[in-house]
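Residue strings, one per chain:
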Amino acid sequence: LREKQEAIRELRRLATPEAAQALSLALGDDNGRVRKAAIAALRRIGSDEAMAAIASTLSSTDPVLRSQAVAALASGNADTSAQYLALALDDRDPGVRVAALEALADMPFGQVPTQAAVAALTRALQDEDVQVRMQAVDSLEEIGGAVAFETLMLAKRNSNAEVARAATESLPSDALQ
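Bear in mind the structure is a predicted one, so any value in this text is a computation, not a measurement.

Draft legend 1. Fine view of the overall build of the chain. In terms of regular secondary structure, the chain is built from 11 helices and 0 strands. Listing the helices and strands of the chain from first to last along the sequence gives α-α-α-α-α-α-α-α-α-α-α. Considered along the principal axes of its C-alpha atoms, the chain spans approximately 60 × 30 × 20 Å. For the chain, the residues scored as buried account for 45% of the 177 residues in total. Excluding contacts between residues fewer than 6 apart, the proportion of contacts in the chain whose partners are at least 24 apart in sequence is 54%. Per element, the accessible surface of the chain, about 9300 Å² overall, is 49% carbon and sulfur. If you average the places of the 18 positive and of the 25 negative side-chain charges in the chain, the two averages end up 5 Å apart.

Spelled out as structure tokens, the structure:
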């Protein structure tokens with residue numbers, strides 16, 4: 001384990017396309033700590049190749065790994081990250097969908113692509129899992145702006161009373177009149 005972690009640190013320092021490729025191999029390691037370290041290293045490298053390697057784990061059978069990958073994807077190119085996060089919103093595990101919504105909200109301010117964010121968040125407001133819907137409201141509140149406002153106005157009419165209440169509470173008080 002120690003040797004693998006040291007190799008991952010060294011590859012992270014190199015930050016070359018070859019290093020990203022080698023780190024992508026560590027994503028399939030049997031040890032969860034090694035996989036987590038590889039995701040962190042790829043995130044730090046941040047290249048398109050590194051983000052693609054992280055995104056490749058979205059097909060893993062391990063929901064923890066998929067959630068870690070989703071969190072890391074928010075640090076990449078805004079358009080590419082939004083595409084990967086939109087894919088993660090279709091994950092079979094509600095925890096991964098929540099992580100995708102959190103990651104979308106964690107993207108640097110002004111970098112969330114408007115169309116992709118609206119489509120993903122609007123879709124998430126109709127998710128079968130109430131926690132996913134609640135996270136969609138929280139993410140919209142965090143993102144802010146006109147896009148979030150319009151989508152929160154729609155969420156006020158959500159079929160789940162808790163989600164509708166959270167959306168209403170997220171809106172500025174002058175918008176409720």
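From this point, things continue past the structure.
Draft legend 2. Broad picture of the environment of Ser24. The topology assignment puts Ser24 in helix H2 (residues 17-26). With 81 residues separating them along the chain, Ser24 and Ala105 place their C-alpha atoms 26 Å apart.

Draft legend 3. A look at helix H11 (residues 161-170). Inspection of H11 places Val163, Ala164, Ala166, Ala167 and Ser170 among the buried residues, and these make up the whole buried set. Each buried residue of H11 lies within a common arc of 165° when the element is viewed along its axis, so the set occupies one face. Of the residues in H11, the exposed ones pointing more than 90 degrees away from the buried face are Ala161 and Glu169. In the core, the buried residues of H11 are packed alongside helix H9 (130-143) and helix H10 (145-155). A distance of 2.9 Å separates the backbone nitrogen of Glu162 from a side-chain oxygen at the start of H11, and that oxygen is part of Asn160.

Draft legend 4. A look at the nonpolar core. Judged by nonpolar contacts, the single largest core of 54 residues is most densely connected at Leu42, Val70, Leu73 and Val137. Per element, the largest residue contribution to this core is 8 residues, and it comes from helix H7 (residues 94-106). For Val70, the residues in contact, after removing those within four places along its chain, are Leu58, Leu85, Ala88, Val96, Ala99, Ala100 and Ala103.

Draft legend 5. Region of the structure containing the pattern of salt bridges. With the rule as written, the count across this model stands at 8 salt bridges. Between Asp90 and Arg123 there is a salt bridge; the shortest N-O distance is 3.4 Å. Of this pair, Asp90 sits in the loop between helix H6 (78-88) and H7 while Arg123 sits in helix H8 (residues 114-124), and the two are 33 residues apart along the sequence. Judged by relative accessible area, which is 55%, Asp90 ranks as exposed. Of the charged contacts, one joins Asp127 and Arg97 as a salt bridge, the two residues approaching to 2.8 Å between their closest N and O atoms. Taken together, the residues span a long stretch of sequence, with Asp127 in the loop between H8 and H9 and Arg97 in helix H7 at a distance of 30 residues. For the pair Asp127 and Arg97, one class covers both residues: buried.

Draft legend 6. Geometry of the side chain of Asp29. With respect to the helices and strands, the residue Asp29 is situated in the loop between H2 and helix H3 (32-45). Since its relative accessible area comes to 15%, Asp29 is described here as buried. At 2.8 Å, the side chain of Asp29 and the backbone nitrogen of Asn31 are in polar contact. Other than its neighbours up to four places away in sequence, Asp29 contacts Lys4, Val34 and Arg35.

Draft legend 7. Up close: the packing of H9 against H10. At their nearest, the axes of H9 and H10 sit 8 Å apart, and the two run at 150° to each other. Looking at the two axes, H9 sits roughly antiparallel to H10. The way H9 lies across H10 gives a crossing that is left-handed. Mapping the contact onto sequence places Val137, Leu140, Glu141 and Ile143 in H9 and Gly145, Ala148, Thr151, Leu152 and Ala155 in H10. Counted by class, the contact of H9 with H10 contains 6 nonpolar, 2 polar and 1 charged residues.

Conventions and cut-offs
Residues numbered from 1 in each chain as written. Predicted model: local features only at pLDDT ≥ 70, side-chain atom pairs only at ≥ 80, totals over all residues. Heavy atoms only, no water. Helix = DSSP H or I, 4+ residues; strand = E, 2+ residues; numbered from the N terminus. Buried < 20%, exposed > 50% of the residue type's maximum accessible area, 1.4 Å probe, protein only. Contact = heavy atoms within 4.5 Å. Areas by Shrake-Rupley, 256 points an atom, 1.4 Å probe, with all protein chains shown as cover. Lys, Arg positive; Asp, Glu negative; His and termini not counted. Charge placed at Lys NZ, Arg CZ, Asp CG, Glu CD. Arc of directions from axis to C-beta. Polar contact = N/O pair within 3.5 Å; in protein donor to acceptor, adjacent residues only side chain to side chain. Core = buried A, V, L, I, M, F, W, Y, C linked by side-chain atoms within 4.5 Å. Salt bridge = Lys/Arg side-chain N within 4 Å of Asp/Glu carboxyl O. Axes fitted to C-alpha atoms, helices over the stretch in contact; angles between N-to-C directions. Parallel < 35°, antiparallel > 145°, perpendicular 65-115°, else oblique. Left-handed = near helix turned anticlockwise from the far one by under 90°. Nonpolar A, V, L, I, M, F, W, Y, C, P; charged D, E, K, R; others polar.

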